[in-house]
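# Reading the structure
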Amino acid sequence: MLVKCETKSNRVKGLSFHPKLSWVLASLHNGTIQLWDYRIGSLIDKFEEHEGGPVRGVCFHASQPLFVSGGDDYKIKIWNYKLRRCIFTLLGHLDYIRTVEFHDEYPWVLSASDDQTIRIWNWQSRSCIAVLTGHNHYVMCAHFHPREDLVVSASLDQTVRVWDTSGLRDKTVSIGGGGGGPPSSQAAGDVFGTSDAVVKYVLEGHERGVNWASFHPTLPLIVSGADDRLIKLWRMNDAKAWEVDTLRGHFNNVSCVMFHPKKELIISNSEDRTIRVWDCTKRTGIHTFRRENDRFWMLTAHKNSNLIAVGHDAGMVVFKLDCERPLSMCSGGNLCVVQERNVQLIDLDSGLNGYRLAACRQASNAMTSGMKSLQYNTYNSTETNVLVYYTQDNGCYDLFVGEANVKGDKNFSAKQGNAQAVCFTTRNRFAVLQQSGGIGIYNLDNELSKKFDPPVATDCIFPGGNNRILLKSEEKMVLYDLTARKVVDEVSVVGGVRYVVWSQNGQYVAFMSKHNVLLAGKNLEYHHSFHENIRVKSGAWDENGVFVYSTLSHVKYCLPNGDSGIIHSLQNPIYIVRVHKQHMTFIDREQSVNRQRLNCTEYLFKLSLHQRKFSDVKLWITNGRLCGNAMIGYLKRKGFPEVALHFVKDEQTRFNLALEYGHIEEAMTAAQDLDDVSCWNRLGLEAIRQGNQQIVEMVYQKTKNYDALSFLYLITGNIANLKKMLKIAEMRQDVMSRFNNALMLGAVEERVKILAEVGQVPLAALTAKAHNLTEFIPKLEEQLQGTDISAHIPSKARLFLPPQPLVR
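Residues numbered from 1 in each chain as written. Predicted model: local features only at pLDDT ≥ 70, side-chain atom pairs only at ≥ 80, totals over all residues. Heavy atoms only, no water.

## Brief notes about the overall build of the protein chain
What counts is decided by this rule: For helices the rule is a DSSP run of H or I covering at least 4 residues; for strands it is a run of E covering at least 2, with both sets numbered from the N terminus onward. Burial classification: accessible surface area is computed with a 1.4 Å probe over protein chains only, and a residue below 20% of its type maximum counts as buried, one above 50% as exposed, and the rest as partly exposed. In these tables, accessible area is a Shrake-Rupley quantity obtained with a 1.4 Å probe, and a residue counts as shielded only by the protein chains included in the view.
Per the secondary structure count, the protein chain includes 16 helices and 55 strands. Residue burial in the protein chain is summarised as follows: out of 808 residues, 53% are buried. If you sum the accessible surface of the protein chain, you get close to 37,600 Å²; carbon and sulfur atoms cover 47% of it.

## With respect to the pattern of salt bridges
Convention followed: What counts as a salt bridge is simple: a side-chain nitrogen of Lys or Arg found within 4 Å of a carboxyl oxygen of Asp or Glu.
What the rule picks out here adds up to 22 salt bridges. For Asp-114, the salt bridge is made with Arg-98, and the minimal N-O distance between the two is 2.7 Å. Of this pair, Asp-114 sits in the loop between strand E11 (108-113) and strand E12 (117-122) while Arg-98 sits in strand E10 (residues 97-102), and the two are 16 residues apart along the sequence. Residue classification places Asp-114 among the buried residues on the basis of a relative accessible area of 5%.

## Considering the sheet that holds strand E30 (residues 334-339)
Hydrogen bonds along the backbone pair up the strands of a sheet, which may run parallel or antiparallel. Put simply, the rule reads: Any two strands with at least two DSSP-identified bridges between them are counted as paired. Angles run from 0 to 180 degrees between N-to-C directions of axes, and those axes are lines fitted to C-alpha atoms, restricted for helices to the stretch in contact.
An order of E29-E30-E31-E32 is seen for the 4 strands of this open sheet, with the pairing classed as antiparallel. Across the chains shown, the open sheet's two edge strands, defined by having one partner strand only, are strand E29 (328-331) and strand E32 (355-359). On average, adjacent strands in this sheet sit at an angle of 20° to one another, irrespective of strand direction. Examined bridge by bridge, strand E31 (residues 342-347) and E32 share 4 bridges and lie antiparallel to one another. In the sheet register, Leu-345 faces E32, and the bridge partner there is Tyr-355.

## Focus on the nonpolar core
The cut-off we apply is this: Among the buried residues, those of types Ala, Val, Leu, Ile, Met, Phe, Trp, Tyr and Cys that are joined through side-chain atoms within 4.5 Å form a nonpolar core. Whether two residues are in contact is decided by their heavy atoms: any pair within 4.5 Å suffices.
Counting 57 residues, the largest nonpolar core has Leu-15, Val-24, Ile-222, Ile-266, Met-316, Val-318 and Leu-321 as its most contacted members. The element best represented in this core is strand E22 (residues 254-259), accounting for 5 residues. Beyond its immediate chain neighbours, meaning those up to four positions away, Ile-266 contacts Val-223, Leu-233, Leu-247, Val-257, Met-258, Phe-259, Arg-276, Val-277, Trp-278 and Cys-280. The next biggest cluster of nonpolar side chains, apart from the first, holds 21 residues, and it includes Ile-664, Tyr-700, Ala-708 and Leu-712.

## Regarding the side chain of Ser-22
To keep it simple, the criterion reads: By the criterion applied in these results, polar contacts are pairs of N or O atoms within 3.5 Å in which, for protein atoms, one can donate a hydrogen and the other can accept it, and in which residues neighboring in sequence qualify only through two side-chain atoms.
The topology assignment puts Ser-22 in the loop between strand E2 (12-17) and strand E3 (23-28). Here Ser-22 falls in the buried class, since its relative accessible area comes to 12%. Within the structure, Ser-22 has its side chain in polar contact with the side chain of Asp-37 (distance 3.0 Å). Those residues in contact with Ser-22 that sit more than four places away from it in its chain are Trp-36, Asp-37, Tyr-38 and Arg-39.

## A look at the sheet that holds E12
Read from one edge to the other, the open sheet built from 4 strands follows the order E10-E11-E12-E13, with strand pairing classed as antiparallel. The open sheet has two edge strands, E10 and strand E13 (127-133), and neither has a second partner. Here the average twist between neighbouring strands, direction ignored, is 20°. Where E10 lies against E11, 5 bridges are found, and the strand directions are antiparallel. Among the inter-strand pairings, Glu-101 is bridged to a residue of E11, identified as Leu-110.

## Quick notes on the confidence of the model for the protein chain
So the rule is basically this: Each residue carries a pLDDT score, the predictor's confidence in it, ranging from 0 to 100.
Mean pLDDT over the protein chain stands at 85; residues scoring 70 or higher make up 87%. The model gives residues 177-194 a pLDDT under 50, and that stretch makes 6 contacts with residues more than four places away or in other chains.

## So, the packing of helix H12 (residues 719-732) against helix H13 (residues 735-745)
Note the threshold: Between 65 and 115 degrees an angle is taken as roughly perpendicular, under 35 as roughly parallel, over 145 as roughly antiparallel, and anywhere else as oblique. Less than a right angle of anticlockwise turn of the near helix away from the far helix marks a crossing as left-handed, whereas a clockwise turn marks it as right-handed. Residues are sorted three ways: Asp, Glu, Lys and Arg are charged, Ala, Val, Leu, Ile, Met, Phe, Trp, Tyr, Cys and Pro are nonpolar, and all the rest, Gly among them, are polar.
It is the contact of H12 with H13, at a shortest axis distance of 8 Å, that shows an interaxial angle of 160°. Judged on the interaxial angle alone, H13 and H12 are roughly antiparallel. Considering only the axes of H12 and H13, their crossing is left-handed. Between H12, through Ile-719, Leu-722, Lys-723, Met-725, Leu-726, Ala-729, Glu-730 and Arg-732, and H13, the contact on the second element is made entirely by Ser-737, Arg-738, Asn-741, Ala-742, Met-744 and Leu-745. Counted by class, the contact of H12 with H13 contains 8 nonpolar, 2 polar and 4 charged residues.

## Quick look at the environment of Leu-25
Summarising the element assignment, Leu-25 is placed in strand E3. Looking at Leu-25, the relative accessible area reads 0%, which means it is buried. In sequence terms Leu-25 and Leu-15 are 10 residues apart; their C-alpha atoms lie 5.4 Å from each other.

## Looking at the pairing of E12
Here E12 lies mainly inside the structure; 6 of its 6 residues are buried. Both faces of E12 are covered, namely the face carrying Thr-117, Arg-119 and Trp-121 and the face carrying Ile-118, Ile-120 and Asn-122. As paired elements, E11 and E12 share 5 bridges and run antiparallel to each other. Each residue of the ladder has a partner; that of Leu-110, found in E12, is Ile-120. Taking the residues between adjacent antiparallel strands as the criterion, E11 and E12 are bridged by 3 residues, where Gln-116 takes a positive phi near 75°. Both E12 and E13 contribute to a ladder of 6 bridges, which runs antiparallel. For Ile-118, the partnering residue across the bridge sits in E13 and is Leu-132. Hairpin connection of E12 to E13: 4 residues between the antiparallel strands, including Arg-126 at a positive phi of 60°.

## Digging into the pairing of strand E39 (residues 439-443)
Summarising burial for E39: 5 of the 5 residues are buried, a large majority. What you see with E39 is no split at all: Ile-439, Ile-441 and Asn-443 on one side and Gly-440 and Tyr-442 on the other are buried throughout. Looking at chain direction, strand E38 (residues 429-433) and E39 are connected through 5 bridges and run antiparallel. Paired with Ala-431 across the strands is Ile-441, a residue of E39. Between the end of E38 and the start of E39, which pair antiparallel, lie 5 residues, with Gly-437 showing a positive phi angle near 105°. Looking at chain direction, E39 and strand E40 (residues 448-452) are connected through 4 bridges and run antiparallel. Within E40, the position partnered with Tyr-442 by the bridge is Leu-448. Connecting the antiparallel pair E39 and E40 is a turn made up of 4 residues, with Asn-446 showing a positive phi of about 65°.

As structure tokens, then:
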């Protein structure tokens, strides 16, 4: 069992996969419906409008943003998960509702209830269109056939029933199409009780109540599970249905049973705390998954992938029965890949179709492929050498040796052996990790040439370069030189290495675990390591030394210096095998090889910047359409704000960026375009900080900050302009500004005039007497009317003049 997501909650009674998104609905015994993203293992939403106990049935619609639920409150609820609420309720059942299900084509909902009936509802008209009666005990489940107009139901009356709904289909289509027969004939049919859904077969054979029954996705088969602990397989044709076989193995009630949608398997779960996998063809048990404390209640499979979800007493588990990773390895332009258990060699430079080299071993059972890895000998250019490793028979391998430059299908014979792991070491040698823990070096005739004990306890081996081998010891990777018989270096990868990817020139290596990646040089010199929250699936080095890798949801890149980013998102997981000349070759889970253009602009720009190839940087800026705050932030962090200015079109952002990094001329240009007071003020402050008096003067003139402008002329010794400021103040009739400018100029006569004009005669007289301005004193004393101000004059009064500036 390859567990993808495990949740903890109240007992799970109902489950449903979303047909496209990585979501699963779980309805709980406490009445809550949970929506989980199984890819990242997080709870997205909860729906809690059901009252009065368990919600036993739940189902997503195939195309609409809807799901249906049925509970012990006798209600069927239709929910819109985008609106995050129930949009309407269907009432009619008189007891607990066991299962609910949408039809894939028609606007129908199928429900099974403890009131001994099955109902079909039209969710668009919000009405019940058929009631299927015939069971005489609780109806535990009901399901639509995937293609035909049939319904299967299972009941505690010990029977499985198959119902024909073609009459209902005809009626739905005729109403929807606006046609149909004469109204009188339809009315007569209704009066005389002609049913739109009739029972076609009654399958009897279980000795106790039947809990579950389901159709085969393609064949005329039904599987059922009951409280008699048996699983029965039934076949049907147009005339009858009959029992084919009985599967024995569970030792408590069988809760749920179904056919695997893609493999010839039957999967069942039970209150005996096990999930069992059966071979549908041989009708034998293949595997049993046990859980210590929790009984299993519910089982469902994704229609389009190999995912299975099971509900138990304490939550649910989403898992796969087998790994879907395609076996492949790329060397230069050659891709070696296993497709439909055949080893294919594809020349990627000439196309995506290749030639068959050899056939792999048959799988030991229908559940698992048994294949673990494929190794292509990159050191041998004169022959084609391929190693395929299998997990069956406690670990074994096939060695295929044939001519190079294959043109046409071949059938290389296999040389076989047993091993824990295998990898090529030189042109004509490969290493085998033996069951004893020793490592044997074999030639291409599969003959042992030498054997040695590794320096560490080794649980797997990987290629390490010519005459070198990588030894995996738990979370440690050791590079061992086979010629010198010594350890070159070692690194540790959290979580333990699963895959090793070398660059084409052998200068870089990437170690990948479930969530961690470590990048190193050819002698394991540490470059960078990083952690991903969701699973890392694959990766490849491009010709520039950039590691491009895929997670479950994204294609990303990482430069050797640690800079990283997202290239694009993914709808489905892919396995990257080659990145070359801005094109990515990858394999999907259907084992088909695909190629697409990769937007490498961002990482090639960063790489050029890191290597300080500024001519390339300019080229990428001109042609690359690079933009956004992330790129600007990156350039700021790296100390290239002047490069960031090339990206920015928005004048406000250009102004902020130029100001932040002291590019006063750029800021000036942007401020002129913006012509905003706050921008001019900020520019003035930065110009003062830099001592750029010309820009400060211009800013004060733009903002009409006359007092600051006067002070600027004072401290810079610009007496001529200060005199102009005095005249401007006079024209503006600004008394305080006139007085301040006169004070800064040392113009005593002007100060006396200003004080007299505003009625400050004592101050005017005092100023005139202090500076012995005889032409003003008589007139001012006359206005004082005998008041003596001589006592207020300081004994050593002198004219206050502005200081000389240090620098003009």
